[in-house]
Amino acid sequence: MFTTKAFIKKNKVGNYLKHVREHYIRDDISCGLQECENCLPVESFLSPDHKNPCSLFKYNHYLILDTNVVLDQMDILEESVLGNVIILHTVLNEVKHRSLPVYKRLCSIIESPSRHFYVFINDHHKWTYLQQDEAELINDYNDRCIRKACSWYIEHAPKHKFVFLSDDAANRSKAMQENIPSVTVSEYVKHLKVNTGLTDKLSRKDFHGQDAAKDVFPNHLTSVELLTGIREGRLLQGTYRASRDNFLEGFVNVDSYEEPIIVQGRAGLNRAVDGDTVAVELLKEQEWVCPSEIVLEDEGVGDENVDDVATKEDELKKATKRKSGAKPTGKVVGIVRRKWRQYCGILQGGIDGVYQLFVPADKSIPKIKIETRQAEFLRTQKLIVTIDSWPKHSRYPHGHFVRALGKIGDQSTENEVILLEHDIPHSQFSEEVLNCLPQLPWVITDEDVKKRVDLRHLDVCSVDPPGCTDIDDALHCRVIDGNKFEVGVHIADVSHFIRPGTPLDLEAASRATTVYLVNNRIDMVPELLSSNLCSLRGGEERFAFSCVWDMDQNAKILSTRFHKSIIRSRKAMTYEEAQMIIDDKGKCDSIAGSLRNLNKLAKILKQRRLANGALVLASPEVKIHMDSETMDPLDVEVKKLFETNSMIEEFMLQANISVAERILEEFPDCAMLRRHPIPPSSNFDPLVKAGRHLGFEIRVDSGKNLAKSLDNATKTNNPYLNTMFRILATRCMLQAVYFASGAYQKEDYHHYGLAVPLYTHFTSPIRRYADIIVHRLLAVVCGSDSTYPDLVDKKKTSDLCVNLNYRNRMAQYAGRASIAFNTHLFFKGKLQDEEGYVLYVRKNALQILIPRYGLECTLFLARKGETSNVFEYDEEEQTQRAGDVILHAFDPVVVRLALDSNNIQREKFVLQLVKPFIDGFSVPPLEGAAQEKEKKRKLPTAEPEKRKGRKKQK
């Protein structure tokens, strides 16, 4: 038996086509109850032995859920205390349509025999299928189907009892009228006989009796008003990014605007959370403001009082009042799409009662109000909390506790905290993914040799960081025709093992990148590939994708060719080992000669690249030495760089450029490229002002002029000064992103930092999924592989780029967080004076960079909630004056560095100024054993000059 639905649809050509959908109805679908005599026996995990221990019902029973229960209360459903749950197919389909992550979590529970879940195909069952009424809304229809299935179970199996769980009051009321036992999830959980902290995990859309009646935020516009406003151009849609330094400021990135739109204060932010897609209304130009130069932290301890926020809003208005540098400013008027997730953090101390404030580790996320009856224990733990709602009358979003990760400060749980906080997929690879891997022993066959260029006779070698096992690239260089060079970059052929559309491919696309933490690595692909079959290890034959150039003595490329190949690396070296071979004149073998030629050509390539305007930027990178037994950090030092680092970088850059040119030529609409947008000139204001103070003119009208200005910004008495300029220039940049070539005009393909018109990523396919896509495109160009629909679909490539850009950004943040945590562990219990530099001057604080440890910390100039009576801030010059001492950006200082023992979970240093000495503010230097004397790197410590009687210059 089946039903049909027919409808007419007009196609692109203008013809009308009749579509007929058939819906089959069956009478042999089993109910899943093991003791049922009326249904055919099927595999079912429902068990009469499992008891749902709820005191509301004095009988054992099965549970039937509506859709919202699954969507909102998944943290409860994942608890093993609940079992014998019937998931209707109507519910399963609606969950899949509305939230794929929740759907995957539900499927994981359904597949577990110990959980006793069963899927009943109610929408194809003869006695539970219902047709949708003509004027019936889809939600009402689904609710009616769910109630029909509940009634059928009650009639079909009278020996068994069934309870319907729903948080929808109207649906629950109709169910009661139809004699279906029904309760809310909250009622059911609170009456469980086994309820160890389960009530804390209840998703709460609202708290009752706790919020003030007065609205804290403006109303959001309705969905219809938002869509209409965006379509008509009155509203702008973009992604909201919260400031990490000022909880009352954020920015909305809108595609049609070169600069992000500033939003400030409660009315401006209007309950937006970092990552949300929002609708913003642009203010009149006379109401535009400047980005704030003030550090504001949310010090609220409750939801009822907003007086402190109002005070800080007034302070913010004074700091950002309109002047010549005002930027586009707006206010959030509605949320198009939320991007809430699970957050890691701690409970805020000093709050009594069941309502607590959760403080996320990510400073861009607001505090979250939760309800818990185990606050005393949870204050000692790192927690995971999720947001449920944010009503307009609440200062903070409402959420619920998900689980505890471990004790605060416990190193064993910190990696998981970092991965969860930065949304890094880190679960074990599934069986279906592992089933895609080749069987061992893996060998290269004669058939493989016929399909590839055999380069095993070449002296290929690799140069990587110490301890590297995922070796992506190798090189060779040999002299041809007497005065020419053949240079080859050989990249691991990962795309050979990862075929499009397989579970392995989908998992790699989702992960997007390998994530590197201190002493830990989260692979994008299984270890068999990353550290074995794809890794170009010394002495082993491997598949590669080769980019080979013929070059003259001046590193000019005479010809380029690409092919899939077979190589055998002669040696896998570290940067230091390769440098030692180059420097050792006694080494005259083929590898030494190849390395010296590569190094010579790389220097020419780099010199030419810099002459074209490429930027040499900097960031403080450190290496942490760990105890091999306890895994505690032993020392922190700045990473050493060798000429070989630059050598490898130059050839990787050149390979990426050559590949970008080739794939764009063949795929003008769907090539995956990488662009680095030109930063707005206002981004460089801190850099320009810092240079002006030191007597340097920093020109930012072009990348080439910026590069020249940075090269000239040096002083013999301060060797670290130029590095500081480059660090600050790095902070002024926009982020480089992946994109589909057809999504932008050609003039927007430009890579600002590298000063090249075209660029992509080809050289690291073991750890970057973008490179795998580029390999597939290049393989089609070379005739080594065939294309497939998704590869040439501009829309799908653009959607993939969105995920790649997000995952890459999160991986960078996670790596920095891991270094920061281990640096904090290193400083635990220590107190020492360190030399540093002023990186930024804020209205109420100084950002201090401590190069020895790569640390950037905030030195507040006044206690919280107070105004400094020592320092005077000059916004125009961006300086802080204290008597005769004036502090500018890049001024050297000495600070006392200590870890706040009460705040290690917040990764917070306490800084005190030692030098220059300012009466009433500075502390005397440590002496003797209290101060560590062993310093691996000496930095200039001259105080800023004392300027007497100097007038302000406008």
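Shown above is the structure to which this text applies.
The rules we used
Residues numbered from 1 in each chain as written. Predicted model: local features only at pLDDT ≥ 70, side-chain atom pairs only at ≥ 80, totals over all residues. Heavy atoms only, no water. Helix = DSSP H or I, 4+ residues; strand = E, 2+ residues; numbered from the N terminus. Rg over C-alpha atoms; globule rule 2.2 N^0.38 Å. Buried < 20%, exposed > 50% of the residue type's maximum accessible area, 1.4 Å probe, protein only. Lys, Arg positive; Asp, Glu negative; His and termini not counted. Charge placed at Lys NZ, Arg CZ, Asp CG, Glu CD. Salt bridge = Lys/Arg side-chain N within 4 Å of Asp/Glu carboxyl O. Contact = heavy atoms within 4.5 Å. Axes fitted to C-alpha atoms, helices over the stretch in contact; angles between N-to-C directions. Parallel < 35°, antiparallel > 145°, perpendicular 65-115°, else oblique. Nonpolar A, V, L, I, M, F, W, Y, C, P; charged D, E, K, R; others polar. Core = buried A, V, L, I, M, F, W, Y, C linked by side-chain atoms within 4.5 Å. Pairing = 2+ DSSP bridges. Left-handed = near helix turned anticlockwise from the far one by under 90°. Phe/Tyr/Trp six-rings, centres within 6.5 Å; stacked < 30°, edge-to-face > 60°. Lys NZ or Arg CZ within 6 Å of the ring centre and 35° of its normal.

Peer 1: Looking at this structure, I do not really get the overall build of the protein. What am I missing?
Peer 2: For the protein, the helix and strand inventory stands at 24 helices and 37 strands. Relative to the globule expectation of 30 Å for 954 residues, the C-alpha radius of gyration of the protein, 32 Å, shows essentially globular dimensions. Split into buried and exposed, the 954 residues of the protein put 53% on the buried side. Distance from the positive charge centre (130 side chains) to the negative charge centre (133 side chains) of the protein: 3 Å.

Peer 1: Hey, could you run me through the side chain of D473 in this one?
Peer 2: Along the chain, the position of D473 falls in strand β20 (residues 473–480). Buried charged residue D473 carries no salt bridge. Nearest counter-charge: R767, at 6.8 Å. Dropping the residues within four chain positions of it, D473 is found in contact with S462, V463, D464, H490, I491, L536, I648, M652 and T763.

Peer 1: Got a minute to help me understand the packing of helix α15 (residues 503–511) against helix α24 (residues 794–827) in this structure?
Peer 2: In a packed pair of helices, the relevant descriptors are the angle between the two axes and the axis-to-axis distance. Relative orientation of the contacting elements α15 and α24 amounts to 55°, with a least axis distance of 8 Å. What the angle tells us is that α15 and α24 run oblique. Judged by residue contacts, A509, S510 and R511 of α15 engage L800, N803, L804 and R807 from α24. Residues of the contact of α15 with α24, tallied by class, amount to 3 nonpolar, 2 polar and 2 charged.

Peer 1: Please clarify how the nonpolar core should be interpreted in this entry.
Peer 2: Buried together is how nonpolar side chains tend to be arranged in soluble globular proteins. Ranked by internal contacts, the top residues of the largest apolar core, which has 88 residues, are L595 and F651. Among residues more than four places away in sequence, those in contact with L595 are C461, V463, M573, A578, I581, I582 and M647. Core analysis: the second largest hydrophobic core is formed by 55 residues, C39, L106, A149 and Y153 among them.

Peer 1: Teacher, can you tell me more about the pattern of salt bridges here?
Peer 2: Two side chains bearing opposite charge may form a pair once their charged atoms approach each other closely. Inspection of every chain in the model, using the stated rule, returns 50 salt bridges. Of the charged contacts, one joins E136 and R144 as a salt bridge, the two residues approaching to 2.9 Å between their closest N and O atoms. Judged by relative accessible area, which is 16%, E136 ranks as buried. Exposure remark for R144: the relative accessible area of 23% places this residue in the partly exposed category. Among the salt bridges present, the one from R478 reaches E486, with a minimum N-O distance of 2.8 Å.

Peer 1: Please explain the sheet that holds strand β31 (residues 845–850) as it appears in this structure.
Peer 2: Two pairing modes exist for strands in a sheet, parallel and antiparallel, and in both the strands are linked by backbone hydrogen bonds. The strand order across the open sheet built from 5 strands is β32-β31-β30-β36-β37, with neighbouring strands paired in antiparallel fashion. Edge positions in the sheet fall to β32 (855–860) and β37 (909–915), since each has one partner strand and no second. Strand-to-strand, the axes of this sheet are offset by a mean angle of 45°, without reference to chain direction. Here helix α22 (residues 721–731) sits on the sheet and contacts β30 (831–841), β31 and β32; the angle it forms with β30, its principal contact strand, is near 55°.

Peer 1: Hey, could you run me through the packing of helix α19 (residues 643–666) against helix α23 (residues 769–782) in this one?
Peer 2: In contact at an axis separation of 10 Å, α19 and α23 are set at 65° when each is read in the N-to-C sense. Every pair of crossing elements has a handedness; the one defined by α19 and α23 is left-handed. Here α19 contributes V659, R662, I663 and E666 to the contact with α23, which in turn contributes V774, L777, L778 and V781. Partitioning the contact of α19 with α23 into residue classes produces 6 nonpolar, no polar and 2 charged.

Peer 1: What is the right way to read the packing of aromatic side chains from this model?
Peer 2: By convention here, two paired aromatic rings are described through the distance between centres and the angle between planes. For the coordinates displayed, the defined rule picks out 22 aromatic pairs. Centre to centre, the rings of F739 and Y744 are 5.3 Å apart; their planes meet at 85°, and the pair counts as edge-to-face. By relative accessible area, which is 3% here, F739 ends up buried. Pairing F739 with Y749 gives two aromatic rings, centres 5.3 Å apart and planes at 45°, and the pair type is tilted. With F739 in strand β29 (residues 737–740) and Y749 in the loop between β29 and α23, this pair connects stretches of sequence that are 10 residues apart. Three or more aromatic residues joined by ring pairs make a cluster, and in this case those are Y62, F120, W152, Y153 and F162. Between K369 and the ring centre of Y355, over which it is positioned, the NZ or CZ distance is 5.0 Å.

Peer 1: Teacher, can you tell me more about the side chain of N142 here?
Peer 2: By the secondary structure assignment, N142 is in helix α5 (residues 138–156). On the basis of relative accessibility, which here comes to 10%, the residue N142 falls in the buried class.

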